[in-house]
Amino acid sequence: MNKKITEYTDKELREAVDVLLVNGHVMFHEQYLTQDELIEFCRRIGDTNDSNPSMGHMEFNPKDNPDLSIITTQPVGKSPHGMFGPTDLVYHGDGGMCHFGEFKELLTGLYCVGSCPDTVLSLLNTNKAFTEFSEEEKEYWRNVETQLNMKEKGIYGTIEEKNRDGSMKAIDGAQEAYKCPIYHYDDERQNVVNIHPYTGKEFMLWQPAFVDKAWYKGEPISVDEIQDKFRKALVRGKNITDFVLREGDFLICDQYYTLHRRSWVQSSDRVIWRPAFDYSNILGPDSAYNPSIEDKKYISRQKANKV
Amino acid sequence: MKQIKDFTDEEMLEEATRILNDGFTLYYDQEFTMGELVEYCGRIGSTDDDMLGYMQFNPEEYPDISIVSPKPEMLLGHCDLEWHSNGTVHHVVDGVWEHKEWLICLYCVDTCPDTVLSVSNNRDAFLELPEEEKDWWRKVEVQLNNNGGSIMGQYWNPPNKSDAPKTARMEKYVQAPRHEGDERMPVVNTHPVGGQEFLYWQPPLISKAWHDGKEIEIEPLQKKFDAVINRTKYIKDIVFRKGDILIMDQFYTLHRRSPILDKNRELWRVAIDYKHTIDK
């Protein structure tokens, strides 16, 4: 039996976070946690309150533990299934269409309550990929900028799957259903290569589902061509760690260093509890995140909803 | 990316030792032709498969390769495969194994991002058990047979042979053995080259079981096996991407595969032994 993470000393917790900062992820096996224990552990690392105002009030958020989202193909509350349903999900980081510095939940936790042996989560580490580029390749990517926005099918494998997913609705009486966190207009853009606020190391922000515009050395370039370059540079076995989550596994992944894809969920037994959190309680504030972005998000959501 | 086909003899010996020590090795971004792959594997050991080599999925020019693909004429189809190692129904009799394909090499020509191969290290899982549990397992024996679906999982549908453009060249095909009566083998065995004990589990193929000489029920035994071996800490999950090459020891590891969703997925599979490196 592995040591329970709920019994970690501060030193052991810090060592685990150090592994996370080096590898982009950390995995704990055979934990067998309650929801309360999971949230309590995550809060030792950071704030588990999701900055998206609708999260915490969805059918897949348990009322007693709204900081968790339940991922399953089975009914949750009045929803036909938990968050995202059974569909495959294309590579994405959980910042979604947020640009660098526009979201605070740098960590996603996935705790496995029940397993599907046929479902694989592939974790792509862009920090590792970038570190191993030639200097010429690094320089190329340092000159690329992108604008991210919600696109037709989002992170779902197909538009049909997106339309089929009824999970992104708020519980009865809650203020609103899930909204696109932010929308970028005109020439708003971000660098693809950024500096991680806690390690000072470079990584690449790629959200294949959300690249709306792209620039190289300030000039607009084809989105299709840059997506192809991203794919060839990043989607390689050496950059990717694959996981079948089994009962008691708890994976934490850094959303700046890694993006992830999920294959179809085949088994109704698969249940994952997902907290989103940050590093603030163990490493201090995120220097790249400006809380005032939340006002901009609110305004841009209102504008986007009218588009 | 260093190409492993350029390994020196010394590196090749180290590679075989790594496979034995770790249960498997995995390399990325490798470029092999069929000829190069057989040559590479042949530097580790004999690639002459004593059962395959004459099937429609063995290219005539390179019969030591089996093409694993969901296409109807190719090996194993699209379905999920239950936990197994490639010894399948073969027993160990008087310390000698009934089969010689102790290593399996899988080289990825084309990928399916939704298909995962899980490789479990049943040696480490056994060696880390308390002594009392090890002793319990040392008294377990099983009889292995094809119980109907062999290693095929729940998504198995027999392929429509009429869709297959090629047929097997069966003239030298050797059928897997059928074990009768009380024929049996111990589940704890010693690796013929590595010398360490391991727990041999072929979940879909157990047809009888004994503990301390007395016949026992299979289902509770399967659950006990599962609790020991099917644990993430002993498992490496692998989605094959173009250029990936995995070589795994079939005594120290077993593997399962999820269903294939992309019909383009293609692996080249070579069965090997250690005869040209650490078992000379």
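Residues numbered from 1 in each chain as written. Chains lettered and ligands numbered in written order. Predicted model: local features only at pLDDT ≥ 70, side-chain atom pairs only at ≥ 80, totals over all residues. Heavy atoms only, no water.

### Thoughts on the overall build of chain A
- Across its full length, chain A carries eight helices and 15 strands.
- Expected size for 307 residues packed as a compact globule is a radius of gyration near 19 Å; at 19 Å, chain A falls within 12% of this value.
- Taken along its principal axes, the extent of the C-alpha atoms in chain A is 50 × 45 × 40 Å.
- Classification of the 307 residues of chain A by burial places 58% in the buried group.
- Sequence-distant contacts in chain A: of pairs separated by 6 or more residues, those separated by 24 or more amount to 85%.
- In chain A, which carries 37 positive and 49 negative side-chain charges, the distance between the mean positions of the two groups comes to 2 Å. (Helix = DSSP H or I, 4+ residues; strand = E, 2+ residues; numbered from the N terminus. Rg over C-alpha atoms; globule rule 2.2 N^0.38 Å. Buried < 20%, exposed > 50% of the residue type's maximum accessible area, 1.4 Å probe, protein only. Contact = heavy atoms within 4.5 Å. Lys, Arg positive; Asp, Glu negative; His and termini not counted. Charge placed at Lys NZ, Arg CZ, Asp CG, Glu CD.)

### Some points on the packing of helix α1 (residues 10–23) of chain A against helix α2 (residues 35–45) of chain A
Residue and element names in this part refer to chain A.
- For the pair α1 and α2, interaxial distance at closest approach is 11 Å and the crossing angle is 75°. The orientation of α1 with respect to α2, classified from their angle, is roughly perpendicular. Of the residues in α2, those touching α1 at Asp10, Leu13 and Val17 are Phe41, Arg44 and Ile45.
- In terms of residue class, the contact of α1 with α2 is made up of four nonpolar, no polar and two charged. (Axes fitted to C-alpha atoms, helices over the stretch in contact; angles between N-to-C directions. Parallel < 35°, antiparallel > 145°, perpendicular 65-115°, else oblique. Nonpolar A, V, L, I, M, F, W, Y, C, P; charged D, E, K, R; others polar.)

### Observations concerning the interface of chain A and chain B
- Listed by partner, the interface residues are 23 residues for chain A and 23 residues for chain B.
- A buried area of about 1900 Å², summed over both sides, lies between chain A and chain B, and 44% of it is on carbon and sulfur atoms.
- When the area that chain A buries against chain B is broken down by residue, the three leading residues are Asp118, Asp242 and Arg246 of chain A, summing to 30%.
- At the junction of chain A with chain B, the criterion picks out six salt bridges. (Buried area = accessible area lost by both parts, 1.4 Å probe. Salt bridge = Lys/Arg side-chain N within 4 Å of Asp/Glu carboxyl O.)

### Structural notes on the pairing of strand β14 (residues 258–262) of chain A
Residues and elements named next belong to chain A.
- Most of β14 sits out of view: five of its five residues are buried.
- Alternating positions in β14 separate into two faces, Thr258, His260 and Arg262 on one and Leu259 and Arg261 on the other, with burial throughout.
- Two strands pair when backbone bridges link them, and strand β3 (residues 89–92) and β14 are joined in this way by two bridges, in the antiparallel orientation. Each bridged residue has a counterpart across the sheet, and for His92 the counterpart in β14 is His260. (Pairing = 2+ DSSP bridges.)

### Side note on the sheet that holds strand β4 (residues 107–114) of chain A
All names here are of chain A.
- Judged by pairing direction, the sheet is antiparallel, and its five strands sit side by side in the order β1-β13-β4-β15-β2 without closing on themselves. With partners counted over all chains shown, the strands left at the sheet margins are β1 (25–28) and β2 (68–72), one partner each. Each neighbouring strand pair of the sheet contributes to a mean axis angle of 20°, computed without reference to strand direction.
- Bridge count for β4 against strand β13 (residues 250–254) is five bridges, and the pairing is antiparallel. In the sheet register, Leu107 faces β13, and the bridge partner there is Asp254.
- In the packing of α1 onto the sheet, contacts are made with β1, β4 and β13, and the angle to β1 comes to roughly 135°.
- Contacts between α2 and the sheet are confined to β1, β2, β4, β13 and β15 (271–277), with β15 contributing the most and set at about 25° to the helix.

### Some points on the sheet that holds strand β7 (residues 103–110) of chain B
All names here are of chain B.
- An order of β1-β16-β7-β18-β2-β3 is seen for the six strands of this open sheet, with the pairing classed as mixed. Strands at the two margins of the open sheet, each flanked by one partner only, are β1 (24–27) and β3 (75–76).
- Strand direction decides the pairing type here: strand β2 (residues 65–69) and β3, joined by two bridges, are parallel. What sits directly across from Val68, in β3, is Leu75.
- The strands touched by helix α1 (residues 9–22) are β1, β7 and β16 (245–249); relative to β1, the strand with the most contacts, the crossing angle is about 120°.

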